[in-house]
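Each chain, letter by letter, is given below.
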Amino acid sequence: MLIEIKNIFILTFIFGGALILYGSYSGLYLITIVVSASIMLIYFFISLYLNTKNRQISIEQLGDSNYYLGFLFTLASILFSILSMVLNTYNIDDILYNFGLSLITTLIGLFFRIYLTNFIPTNDSNVEIINKSVYDKVRMMDEMLLENIQKNKEVADMIDTR
């Protein structure tokens, strides 16, 4: 049975959004921030594992999904702050918490996106690596060839002197 990354993404967003909503009104700010960050870490490792096991999406898409998840958590936090202001049930601690959580989840998502997409070898870097390897091997063969020519001369000179 194939577990699709998009389904994991949706479940993670629903669970994370519910946690953010709960954290917005429970006052358990630190716990909610730690668990939200943990949810993003778990999503990163599960999606990376599933994609490595059975390629479902490109690495760029995988990186983007992590960034988008963090950004969606950001939007959810901001939405809950705005709703509490509209309903006149807000206090400054809740708003600061939501904006802090927003920044943290965006940073985590952006970090994973950069990690996955910016450190992928490009065709140009692969060609450069191959060219350097070929150059090193040719240079090594050239040195060996010169060394063998020198040894052959020495053997020829020994034969001539006998």
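Residues numbered from 1 in each chain as written. Predicted model: local features only at pLDDT ≥ 70, side-chain atom pairs only at ≥ 80, totals over all residues. Heavy atoms only, no water.

Caption draft 1: Broad picture of the overall build of the chain. If you tally the helices and strands in the chain, you get five helices and zero strands. The linear arrangement of helices and strands in the chain, starting from the amino end, is α-α-α-α-α. Computed over the C-alpha atoms, the radius of gyration of the chain is 29 Å, more than 25% above the 15 Å expected from 2.2 N^0.38 for a compact globule of 162 residues. For the chain, the spread of C-alpha atoms along the principal axes amounts to about 110 × 40 × 25 Å. Looking at the chain as a whole, 30% of its 162 residues qualify as buried. Sequence separation of at least 24 residues holds for 76% of the intrachain contacts in the chain that already meet a minimum separation of 6. (Helix = DSSP H or I, 4+ residues; strand = E, 2+ residues; numbered from the N terminus. Rg over C-alpha atoms; globule rule 2.2 N^0.38 Å. Buried < 20%, exposed > 50% of the residue type's maximum accessible area, 1.4 Å probe, protein only. Contact = heavy atoms within 4.5 Å.)

Caption draft 2: Seen up close, the nonpolar core. If you look at the biggest cluster of nonpolar residues, it comprises 22 residues, and the most contacted ones within it are Tyr43, Leu69 and Phe73. Apart from the residues lying within four places of it in its own chain, the contact partners of Tyr43 are Ile5, Ile8, Phe9, Thr12, Ser65, Asn66 and Leu69. (Core = buried A, V, L, I, M, F, W, Y, C linked by side-chain atoms within 4.5 Å.)

Caption draft 3: Region of the structure containing the side chain of Asn51. With respect to the helices and strands, the residue Asn51 is situated in helix H2 (residues 29-53). Note on Asn51: relative accessible area 2%, which makes it buried. In terms of polar contacts, Asn51 uses its side chain to reach the backbone carbonyl oxygen of Ile57, at 2.9 Å. Filtering out sequence-adjacent residues up to four positions away, Asn51 remains in contact with Ile5, Gln56, Ile57, Ser58, Ile59 and Leu62. (Polar contact = N/O pair within 3.5 Å; in protein donor to acceptor, adjacent residues only side chain to side chain.)

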